[in-house]
Amino acid sequence: MTGKVYLVGAGPGAPDLLTVRAAEILSRADVVLHDALVHPETLALARKAQVYAVGKRSGRHSTAQKFISKRLIDSARRFDTVVRLKGGDPLLFGRAHEEIQALRRAGIEFEIVPGVTAASAAGAELGVSLTRRGVARSVAFVTPRSGVGERHNDWAASVLAADTAVIYMGAGLAEEIRAVLLDRGKGPHTPVVLVENASLPGRNVHRGTLADLPDLARRMGSGPAVLLIGEALETSIAEPAVEALLRRA
Ligand SMILES: C[S@@+](CC[C@H](N)C(=O)[O-])C[C@H]1O[C@@H](n2cnc3c(N)ncnc32)[C@H](O)[C@@H]1O
């Protein structure tokens, strides 16, 4: 008899952005392995579980990832309900693939519980829709980061192809992001917004243009942040201008 592993999204930070399904599973969990940014009130829902922090803020090392997968498998062989609690949505930039593969290979049953990703929380903070009729019909979730030995990551191509781009784990790479995007033809006046600590009391929003990006990044604190790029973020765009875009679409 083995238990079941749940890969659960904890959402962007605010404990009340957890799904009802996630809360129910946490309440009956025997073991919880969680990422660094999960809110203490969310962890408190796991009333009877042994709770272990396994995440680093960034750049988790591959041996550490293997160790997490092994702990999931070992826990499922000893307990009924094992939760791997990840920030945001587990299927976006969360190393879920490695854990899913390891669980499949070990023949352990698993279930994925989606969560609110940082991009959605950031859009909510800004009060803007990431898509906008006639202006933005595609959204890309991108990270410029890649690990040693991984294949080339042409993140800029995805940013250029999408009407709205949300860049994860990129706030520390503002100079590089600006340089690459300007070099590849993105306009210097393209609206950009950095949203730090979306959904949390320490939330911070820095608005500007692609040309200003490094200055905006310098004003940020040390919280997690996403960078949003695209015309849909331009809240002051006059409605007649939108109507003109719609007529052309
Ligand atoms: C390892 S990725 C995990 C993403 C997560 N799976 C998700 O769906 O949001 C961590 C990155 O997510 C973004 N992030 C997570 N929480 C955030 C928040 N509350 N506000 C802004 N960005 C956040 C930051 O870019 C951070 O560096």
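The structure this text deals with has already been given above.
It should be emphasised that the depicted structure is a prediction, and the values quoted were computed from it without experimental measurement.

Draft legend 1. Main features of the overall build of the protein. From N to C terminus, the protein includes nine helices and 10 strands. Scaling as 2.2 N^0.38, a compact globule of 249 residues should have a C-alpha radius of gyration of about 18 Å, and the protein matches this with 20 Å. Its C-alpha atoms give the protein principal-axis dimensions of about 65 × 40 × 35 Å. Evaluated residue by residue, the protein yields a buried proportion of 47% over its 249 residues. Taking all contacts inside the protein whose residues are at least 6 apart in sequence as the whole, residues at least 24 apart take part in 69%. On the protein, roughly 12600 Å² of surface is accessible, and the fraction owed to carbon and sulfur atoms is 52%. One way to put it: in the protein the 32 positive side-chain charges average out to a point 4 Å from where the 26 negative ones average out.

Draft legend 2. Broad picture of the sheet that holds strand β4 (residues 81-86). The strand order across the open sheet formed by five strands is β3-β2-β4-β1-β5, and the pairing between neighbours is parallel. A strand with exactly one partner marks an edge of an open sheet, and here the two such strands are β3 (50-53) and β5 (109-113). Each neighbouring strand pair of the sheet contributes to a mean axis angle of 15 degrees, computed without reference to strand direction. For strand β1 (residues 4-9) and β4, the ladder comprises six bridges, and the chain directions are parallel. Bridge pairing in β4 links Val-8 to Leu-85.

Draft legend 3. Broad picture of the sheet that holds strand β7 (residues 164-168). The five strands are arranged β6-β7-β10-β8-β9 in an open sheet whose pairing can be described as mixed. Looking at which strands have only one partner, the edges of the open sheet turn out to be β6 (139-142) and β9 (204-209). Across the sheet, the mean angle from the axis of one strand to that of its neighbour is 15 degrees, orientation sign disregarded. Pairing between β6 and β7: four bridges, direction parallel. Counterpart to Val-142 in the pairing with β7 is Ile-167.

Draft legend 4. Quick look at the nonpolar core. In this structure, Trp-155, Val-159, Ile-177, Leu-181, Leu-213 and Leu-227 are the most contacted members of the largest nonpolar core, which totals 22 residues. The set of elements that each furnish at least two residues to this core consists of β6, α6 (155-161), β7, α7 (174-183), β8 (191-196), α8 (213-218) and β10 (225-229). The residues touching Leu-213, leaving out its near neighbours within four places in the chain, are Ala-174, Ile-177, Arg-178, Val-192, Leu-194 and Leu-227. Membership of the second largest hydrophobic core comes to 16 residues, among which are Ala-29, Val-38, Leu-43 and Ala-46.

Cut-off values and rules
Residues numbered from 1 in each chain as written. Predicted model: local features only at pLDDT ≥ 70, side-chain atom pairs only at ≥ 80, totals over all residues. Heavy atoms only, no water. Helix = DSSP H or I, 4+ residues; strand = E, 2+ residues; numbered from the N terminus. Rg over C-alpha atoms; globule rule 2.2 N^0.38 Å. Buried < 20%, exposed > 50% of the residue type's maximum accessible area, 1.4 Å probe, protein only. Contact = heavy atoms within 4.5 Å. Areas by Shrake-Rupley, 256 points an atom, 1.4 Å probe, with all protein chains shown as cover. Lys, Arg positive; Asp, Glu negative; His and termini not counted. Charge placed at Lys NZ, Arg CZ, Asp CG, Glu CD. Pairing = 2+ DSSP bridges. Axes fitted to C-alpha atoms, helices over the stretch in contact; angles between N-to-C directions. Core = buried A, V, L, I, M, F, W, Y, C linked by side-chain atoms within 4.5 Å.

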